[in-house]
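Coordinates in review
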Amino acid sequence: MKNELCKKLGIEYPIFAFTHCRDVVVEVSKAGGLGVLGAVGFTPEELKVELDWIDAHIGDKPYGVDVVIPQQYEGIGEMDPEKLEAELQAMIPQGHRDFVEGLLQAHRVPAWPDSDAPRLLGWTQATGAPLVDVALQHPNVVLIANALGTPPQDMIDHIHASGRLVAALCGKVKQALKHKAAGVDIVIAQGSEAGGHTGEITSMVLWPQIAEAIAPTPMLAAGGIGTGKQIAAALAMGAAGAWTGSLWLAVKEAQAEPIEKEIYLKASSEDTVRSRSWTGKSARFLKNEWTEAWEKQDTPDPLGMPLQGLLVYDAMRRTQRFRSVGEANRISFNPAGQVIGMVKEERSCREVMFSLLSDYVDAVERLQKLMPE
């Protein structure tokens, strides 16, 4: 499974693990893959704390950081985070605020104990660029990925000037070609099965089209990868590696309460749905009473990004902290791809990596036996 991309990044296997848990980043990288920390939920100060911790525990292993800077969003162009947040807060209708608070109260979710106000997450250039700057101050960071759209050109140039590689996710061939034209080093082709923000084209159809369209730029396959067999299939279709996410939601190292892991371990592939109810853009989550409430005809339509994220930030943190209180778990934030139906037991990151590699070898050997002698 070793290839040129592995050599560039200093990793043993082209297996990338997107996660919001620093422990998972460390353990995957130590096992030979590349852990990638999702930074969207952190302030620059919080991200520095997380990356400092990773540096102290990862040894000489590399890792990556993922940010979210879409090409189009409300308030684009304003680079002062405080001004942008004030502008966006004024754009949120009171009816939407009342609807969210009504859902929280109906499910008996306690109020946030502190007085700090909901904040604008890193879904804009104004809030995402400082996260990139923090990441580039850490020498073990070898990759910066952008989860939505082609990164701004000045950001690509800034990352390249630091000696790092740039990756960007996409769900269409035309988006992949834009990534390549802008100088993105790695294109991550994400099928609709994936968790988080996805398009409508399935992985089996998307991967070979993008691999051919952007060659020789390397492509990582994302969406629906949970076994070594699926990694082998992705590589057979032209991928240079696998970008995984939902696979790590319920590992032993994941920083999640037991009740949250239980939800993931019991979920089936049919339990996911694409919804705009959390971020304003279509993303795949486990369906629950929150996602269903936003689909009803007599309820508000989700706002655009980043307005929806700013609107529901308080709901995200309250349902996360108080999962075991009232009925908070019935409206909690649970991003997951369809592959979650294959995650049935809590394993360590090292066990998952070993399973992926051994399963990959078995798949390749099985295919080799089909070749005529």
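The sections below set out a description of the structure shown in this document. Numbering of residues starts from 1 in every chain and runs along the sequence as written. Two thresholds apply to this predicted model, a pLDDT of at least 70 for residue-level local features and 80 or more for giving and counting side-chain atom pairs, whereas whole-chain, interface and lining totals are computed over all residues. Hydrogens and water are ignored here; the side-chain numbers use all heavy atoms of the structure.

It is worth spelling out the packing of helix H2 (residues 22-30) against helix H3 (residues 44-57) at this point. When two helices pack together, their arrangement is captured by the angle between the axes and the distance separating the axes. As a packed pair, H2 and H3 sit with axes 10 Å apart at the nearest point and diverge in direction by 30°. Where H2 crosses over H3, the two elements pack in a sense that is right-handed. The segment H2 lies against H3, with Arg22, Asp23, Val25, Val26 and Lys30 engaging Val49, Glu50, Trp53, Ile54 and His57. Residues are grouped as follows: Ala, Val, Leu, Ile, Met, Phe, Trp, Tyr, Cys and Pro are nonpolar; Asp, Glu, Lys and Arg are charged; every other residue, Gly included, is polar. In terms of residue class, the contact of H2 with H3 is made up of five nonpolar, one polar and four charged. In this description, a line fitted to the C-alpha atoms serves as the axis of each element, helices being fitted only across the stretch in contact, and the angle between N-to-C directions of two axes falls anywhere from 0 to 180 degrees. Secondary structure elements follow DSSP: runs of H or I no shorter than four residues count as helices, runs of E no shorter than two count as strands, and numbering proceeds from the N terminus. By definition, any crossing whose near helix is turned counterclockwise from its far helix by less than a right angle is left-handed, and any crossing with a clockwise turn is right-handed. It only takes one pair of heavy atoms within 4.5 Å for two residues to be counted as in contact.

Right, let's get into the pairing of strand S9 (residues 241-244). In S9, alternate side chains face the same way, and those of Gly241 and Trp243 on one face and Ala242 and Thr244 on the other are all buried. Two strands qualify as a pair provided that DSSP identifies no fewer than 2 bridges between them. Relative to S9, strand S1 (residues 15-19) runs parallel, the two being bridged by three bridges. Note that in S9 the partner of Ile15 across the bridge is Ala242. Assignment of crossover handedness uses the view with strands pointing away from the viewer, where a clockwise path from the first strand over the helix to the second indicates a right-handed crossover. A crossover links strand S8 (residues 219-222) with its parallel partner S9, the connecting element being helix H10 (residues 228-236), and its sense is right-handed. The cut-offs for exposure are 20% and 50% of the maximum accessible area for each residue type, with area from a 1.4 Å probe on protein chains only; residues under the lower value are buried, those over the upper are exposed, and the others partly exposed.

A few words on the nonpolar core. In this text, buried Ala, Val, Leu, Ile, Met, Phe, Trp, Tyr and Cys residues form a nonpolar core when linked through side-chain atoms within 4.5 Å. Ranked by internal contacts, the top residues of the largest apolar core, which has 42 residues, are Trp207, Ile210, Met219 and Trp248. Only S1, H2, strand S6 (186-190), helix H9 (203-214), S8, H10 and helix H14 (349-368) provide two or more residues apiece to this core. For this core, the element with the most residues is H14, which contributes seven residues. Beyond its immediate sequence surroundings of up to four residues, Trp207 is in contact with Ala189, Gly191, Met219, Ala221, Ala222, Gly223, Ile225, Ala234 and Met237. If you look at the next biggest cluster of nonpolar residues, it comprises 33 residues, including Leu84, Phe285, Leu303 and Ala328.

Once that is clear, we can look at the sheet that holds strand S7 (residues 196-197). If you trace the three strands from one edge of the open sheet to the other, you get S7-S11-S10, paired in antiparallel fashion. Only two strands of the sheet have a single neighbouring strand rather than two, namely S7 and strand S10 (272-275). Two elements, S10 and strand S11 (residues 283-286), share four bridges in a ladder whose sense is antiparallel. Residue Thr272 lies in a different strand from S11, and its bridge partner there is Leu286.

The next subject is the layout of surface pockets. Empty space within the second largest pocket amounts to approximately 590 Å³. Residue lining of the second largest pocket: 23 residues in total, with Leu148, Gly149, Gln175, Thr198 and Lys281 positioned closest to the centre. Ranked by residue count, the leading element in the lining of the second largest pocket is helix H8 (residues 173-182), at four residues. Looking at the lining of the second largest pocket residue by residue, the class counts come to five nonpolar, 12 polar and six charged. Using a grid of 1 Å spacing that covers the protein atoms alone, one calls a set of points a cavity when a 1.4 Å probe fits there but cannot get out, and a pocket when the set is open and has protein on both sides within 12 Å along at least five of seven lines; lining residues are those with an atom within 4 Å of a point. Grid points are joined across faces, edges and corners, and a volume is the space filled by probe spheres set on the points.

Before going further, it helps to spend a moment on the pattern of salt bridges. For salt bridges, the criterion is a side-chain nitrogen of Lys or Arg within 4 Å of an Asp or Glu carboxyl oxygen. Tallying each qualifying case throughout the model produces 13 salt bridges. Of the charged contacts, one joins Arg108 and Glu327 as a salt bridge, the two residues approaching to 3.9 Å between their closest N and O atoms. Taken as a pair, Arg108 in the loop between helix H5 (94-106) and helix H6 (125-135) and Glu327 in the loop between helix H13 (307-321) and H14 lie far apart in primary sequence, 219 residues in all. Residue Glu260 is joined to Arg323 by a salt bridge in which the shortest nitrogen-to-oxygen separation is 3.5 Å. Here Glu260, found in helix H11 (residues 258-266), pairs with Arg323, found in the loop between H13 and H14; they are 63 residues apart in sequence, far enough to count as distant. The same class applies to Glu260 and to Arg323, which are both buried.

What follows concerns H2. Taken residue by residue, H2 has Arg22, Val24, Val25, Val26, Val28 and Ser29 as its buried positions. Residues of H2 that are buried sit in contact with S1, strand S2 (34-38), H3, strand S3 (63-67) and H14. Just beyond H2, the residue with positive phi is Gly32, at close to 110°.

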